[in-house]
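# Commentary on secondary and tertiary structure
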Amino acid sequence: REGGRAAEEDPLLPGEATMGLAGAAAAGAVRVRFAPSPTGFLHLGGLRTALYNYAFAQKRGGRFLLRLEDTDQSRIVPGAADGIEDMLEWAGIPPDESPRRGGPVGPYRQSQRLHLYREAIEQLLEKGAAYRCFCTPQRLELLKKAALQRQETPRYDNKCRHLSPKQVAEKVAQGADSVVRFRLEVGAEPFCDLVYGWSKHEVASVEGDPVLLKSDGFPTYHLANVVDDHLMGISHVLRGGEWLVSTTKHLLLYRAFGWDPPRFGHFPLLLNPDGSKLSKRQGHVFVEQLAQDGYLPAALLDAITHCGSGFAGNAACPRPSCVELGENRSVCSVGVLCRRGQLDLGQGAVEKKDLSLKVTHGPPWAPQALLPAPACLGCS
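A few points on the structure. For every chain, the first residue of the written sequence is number 1, and numbering continues from 1 along that sequence. Residues qualify for local features only when their pLDDT is at least 70, as the model is predicted, and side-chain atom pairs are given and counted only at 80 or more; totals for whole chains, interfaces and linings, by contrast, use all residues. To obtain the side-chain values, all non-hydrogen atoms of the structure were included, while hydrogens and water were left out.

## Some details on the sheet that holds strand β3 (residues 130-133)
Note the threshold: Here a strand pair is declared whenever DSSP counts at least two bridges between the two strands. Only DSSP runs of H or I reaching four residues or more are called helices, and only runs of E reaching two or more are called strands; each is numbered from the N terminus. Only the stretch in contact is used when fitting a helix axis, every axis being a line fitted to C-alpha atoms; angles between N-to-C directions are given from 0 to 180 degrees.
Ordered in space as β3-β4-β7, the three strands form an open sheet in which the pairing is antiparallel. Both outer strands of the open sheet, β3 and β7 (211-213), are each paired with one neighbouring strand and no more. Along the sheet, successive strands turn relative to each other by an average axial angle of 45°, direction set aside. Of the strand pairs in this sheet, β3 and strand β4 (residues 179-182) are connected by four bridges, and their pairing is antiparallel.

## As for the pattern of salt bridges
Short version of the rule: Salt bridges are defined by distance alone: a side-chain nitrogen of Lys or Arg within 4 Å of a carboxyl oxygen of Asp or Glu. Relative accessible area decides the class of each residue, using a 1.4 Å probe on protein chains only: under 20% of the type maximum gives buried, over 50% gives exposed, and in between gives partly exposed.
Using the criterion set out here, one finds 18 salt bridges in the structure. In this structure, arginine 31 engages glutamate 97 in a salt bridge whose closest nitrogen and oxygen atoms are separated by 3.0 Å. Linking arginine 31 in strand β1 (residues 31-34) with glutamate 97 in the loop between α4 (80-90) and α5 (114-127), this pair joins segments that are 66 residues apart in sequence. The two residues arginine 31 and glutamate 97 agree in class, both being buried. A salt bridge links aspartate 72 to arginine 75; the shortest N-O distance between them is 3.6 Å. Via salt bridges that share partners, Arg33, Arg67, Glu69, Arg113, Asp228 and Asp229 belong to a single interconnected network.

## Digging into the packing of helix α8 (residues 221-231) against helix α9 (residues 247-257)
Rules: An angle counts as roughly parallel when it lies under 35 degrees, as roughly antiparallel when it exceeds 145, as roughly perpendicular when it falls between 65 and 115, and as oblique in every other case. Crossing chirality is assigned from the near helix's rotation relative to the far helix, an anticlockwise turn below a right angle marking it left-handed and a clockwise turn marking it right-handed. Contacts between residues were defined by any pair of non-hydrogen atoms, one from each residue, lying within 4.5 Å. Put simply, Ala, Val, Leu, Ile, Met, Phe, Trp, Tyr, Cys and Pro go in the nonpolar bin, Asp, Glu, Lys and Arg in the charged bin, and everything else, Gly too, in the polar bin.
The N-to-C vectors of α8 and α9 enclose an angle of 55°; their axes lie 10 Å apart at closest approach. Here α9 runs oblique to α8, going by the angle between their axes. Between α8 and α9 lies a crossing whose hand is right-handed. Packed against α8, whose contacting residues are Tyr221, His222, Leu223, Asn225, Val226, Val227, Asp229 and His230, the element α9 presents Lys249, His250, Leu253, Tyr254 and Phe257 at the interface. Within the contact of α8 with α9, the residues separate by chemical class into seven nonpolar, four polar and two charged.

## Some points on the packing of aromatic side chains
Operational definition: Centres within 6.5 Å make a pair out of two Phe, Tyr or Trp rings, where for Trp the six-membered ring is used; the pair is then stacked when the planes are under 30 degrees apart, edge-to-face when over 60, and tilted otherwise. The criterion for a charge sitting over a ring is simple: Lys NZ or Arg CZ within 6 Å of the ring centre, and within 35 degrees of the ring normal.
Under the definition given, this model contains five aromatic pairs. Centre to centre, the rings of phenylalanine 41 and phenylalanine 286 are 6.4 Å apart; their planes meet at 75°, and the pair counts as edge-to-face. With phenylalanine 41 in the loop between β1 and α3 (44-59) and phenylalanine 286 in the loop between β10 (270-271) and α10 (287-292), this pair connects stretches of sequence that are 245 residues apart. Taking relative accessible area as the criterion, phenylalanine 41 reaches 28% and is therefore assigned partly exposed. Relative to phenylalanine 267, the ring of tyrosine 52 lies with its centre 3.8 Å away and its plane at 25°, an arrangement referred to as stacked. Residue tyrosine 52 is found in helix α3, and its partner phenylalanine 267 is found in strand β9 (residues 263-267); the two are separated by 215 residues along the sequence. When its relative accessible area of 3% is taken as the criterion, phenylalanine 267 is described as buried. The ring of phenylalanine 134 carries lysine 171 above its face, with NZ or CZ at 5.8 Å from the centroid. Over the ring of tyrosine 156 we find arginine 181; its NZ or CZ atom is 3.7 Å from the centre of that ring.

Read these as spatial facts, not as claims about activity.
Structure (structure tokens):
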């Protein structure tokens, strides 16, 4: 960068990103991202997601981005943002673009991209795909309690989507607080997940219109990740399986904007030995703590590749899968074999006494160990 300025100080304009990197993704350039929230330090589940993205980009000559989703300012943990990038570098899977390293589509912190989300919201409001909602927290709480009393899943009743432009203008003039909601429409199309195969969720029939922009001007995850993935030219979204059910909602947002969506792949979650989900509140799964305890990067990466990952030598799933593919297998046909992985640090996978063996033979996640990239990443 000229003058030594980092990308964080010289963000790409929305139009430039749309014509540049977004176009590059459409043309076949591989760009993936790891987008954690600095509401806690990096744990093993996050490390595995980062590893998937890193390996995917390395094999295909692509770019691996780190983006910090720090829009929930009330939950930010001091030092977590720097700690996440520190641990990726310690583990040997550094990002090509990040808050620290900069890049052509910065800033790489969502809290520094608020103007982009406001511009995107204006587009949706003008198209009629979004609307301002003036319902108070008290009314929303009453709706929730009433639904629970009826033993129903709480959902917004979409009351404000029926306000006339005149009514909206009057409330805005009066200074009423509001959020912006996305107008869900029926007719969601099925999509092919790179791991789970074909999926469809008729979200409009089971959920109320979701909030896109909060009253404090910060976006929700649904808006921010769609806008950022588009403007950053992300070609493949590889993330945890908990977001699979939200993907239809995100695809509806892409359609409302008139943007081509990336490909999606959702990975099985790492689980505790009792089957429960790993949590940021479990200190023993923090990568930083494990590093301080003397574990080596190769040992941890080896351990997480033995937890339903489908890498070479995987004990839980010995066949090729979502990252390591043979020429005659599609992602979808093999992903079903490894949807759940269990992690037990006490079973010897990362025992210090085994480190010499692990390091000597090399970890199976190494990019050179991956099989040739398939000719087609789609579902058969």
